[in-house]
Amino acid sequence: MKKDSITRFSISMAGDLVRQLDLMSQEKGFANRSQAVADMVRARLVEHYGQKGDSEIAGTITLVYDHHRRNIQGLLTDIQHDHGDVIIATMHVHLDHHNCMEVLAVRGRADAIKQVADNLIAAKGVKHGKLTVTTTGEEFEK
Ligand code: NI
C-alpha cells in the first residue's frame, strides 16, 4: 500500500472512557492518544482480516507435546509435509525430558493456515496448541 497522509478526525465518547484510554496509553508508553487509538485499530484490522478466508496473513503456530507419546512426532511431521506451502520455518525446543515445544512460522491464505493449525492442534498427544495471527505488514504504514 502506498504511503498515506495523516487524516485528522474527531471522535466523541464518554469522558470516563477517554480517561481510561489516556491512562492505558501512558502505561503502555504511547507518545499520544492518536498512537494508542491507531494501535487498537490495527489490532482489530488484523483480527478482522484473519477471519476472512481469502486474506493473506502471517502468524505462528505453537505446539507443546510429549515426544514419548507414540507416533506423535511422525504424525506432526506428516501434517507439516502436507502443508509445506504455508509453513515457512519451524523451531523445535526440548523443554524438558518429556516435553517439546514446536513453533511454526506460517504465511498464506487465512483459511489454509487455520486448517493446518486445526489439524496440528487436534493431533493426538498435543497438550496445547495456539495459532497467533498477525499481519504480513503490507497493509500498514507505521
Ligand atoms: Ni524435543
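Because the structure is a prediction, the values reported are computed rather than measured.

### Quick look at the pattern of salt bridges
Consideration 1: Counting across every chain of the model gives five salt bridges.
Consideration 2: Residue R107 is joined to E56 by a salt bridge in which the shortest nitrogen-to-oxygen separation is 3.1 Å. Remark: E56 occurs in strand β1 (residues 56-66) and R107 occurs in strand β3 (residues 99-109); sequence separation between them is 51 residues.
Consideration 3: One salt bridge in this structure joins R107 and E138, with 3.3 Å as the shortest N-O distance. Note that R107 is positioned in strand β3 and E138 in the segment after β4 (126-134), a separation of 31 residues in sequence.

### What about the domain arrangement of the protein chain?
Consideration 1: What the domain assignment reports for the protein chain is domain 1 (15-50) and domain 2 (56-134).
Consideration 2: For domain 1 and domain 2, the distance between their C-alpha centroids amounts to 31 Å.

### Regarding the sheet that holds strand β2 (residues 87-94)
Each strand in a sheet pairs with another by means of backbone hydrogen bonds, the pair being arranged parallel or else antiparallel.
Consideration 1: The antiparallel open sheet is built from four strands, whose spatial order is β2-β3-β1-β4. Each having just a single partner strand, β2 and β4 make up the two edges of the open sheet. Strand after strand, the sheet turns through a mean of 15 degrees between neighbouring axes, direction not considered.
Consideration 2: Looking at chain direction, β1 and β4 are connected through eight bridges and run antiparallel. Paired with V64 across the strands is H128, a residue of β4.
Consideration 3: Lying on the sheet, helix α3 (residues 72-82) is in contact with β1, β2, β3 and β4; it crosses β1 at an angle near 170 degrees.

### Some details on a nonpolar patch on the surface
Consideration 1: Among the surface-exposed residues, F9, I11, M13 and L17 lie close enough to one another that they form a single nonpolar patch of about 430 Å² accessible area.
Consideration 2: Along the chain, I11 turns up in the segment before α1 (15-28).
Consideration 3: Take I11: its relative accessible area is 48%, and that puts it in the partly exposed class.

### Here we look at the packing of α1 against helix α2 (residues 33-50)
Consideration 1: Where α1 contacts α2, the axes come no closer than 9 Å and their chain directions differ by 90 degrees. One way to sum up the angle between α1 and α2 is to call them roughly perpendicular. Each of V18, L21, D22, M24 and S25 in α1 lies in contact with α2, whose residues at this interface are R33, A36, V37 and M40.
Consideration 2: Here the contact of α1 with α2 is composed, by residue class, of six nonpolar, one polar and two charged.

Conventions and cut-offs
Residues numbered from 1 in each chain as written. Predicted model: local features only at pLDDT ≥ 70, side-chain atom pairs only at ≥ 80, totals over all residues. Heavy atoms only, no water. Salt bridge = Lys/Arg side-chain N within 4 Å of Asp/Glu carboxyl O. Helix = DSSP H or I, 4+ residues; strand = E, 2+ residues; numbered from the N terminus. Domains from an automatic or database assignment. Pairing = 2+ DSSP bridges. Axes fitted to C-alpha atoms, helices over the stretch in contact; angles between N-to-C directions. Contact = heavy atoms within 4.5 Å. Patch = residues over 30% accessible without salt bridge, like charges linked within 9 Å, V, L, I, M, F, W, Y side chains within 5 Å. Areas by Shrake-Rupley, 256 points an atom, 1.4 Å probe, with all protein chains shown as cover. Buried < 20%, exposed > 50% of the residue type's maximum accessible area, 1.4 Å probe, protein only. Parallel < 35°, antiparallel > 145°, perpendicular 65-115°, else oblique. Nonpolar A, V, L, I, M, F, W, Y, C, P; charged D, E, K, R; others polar.

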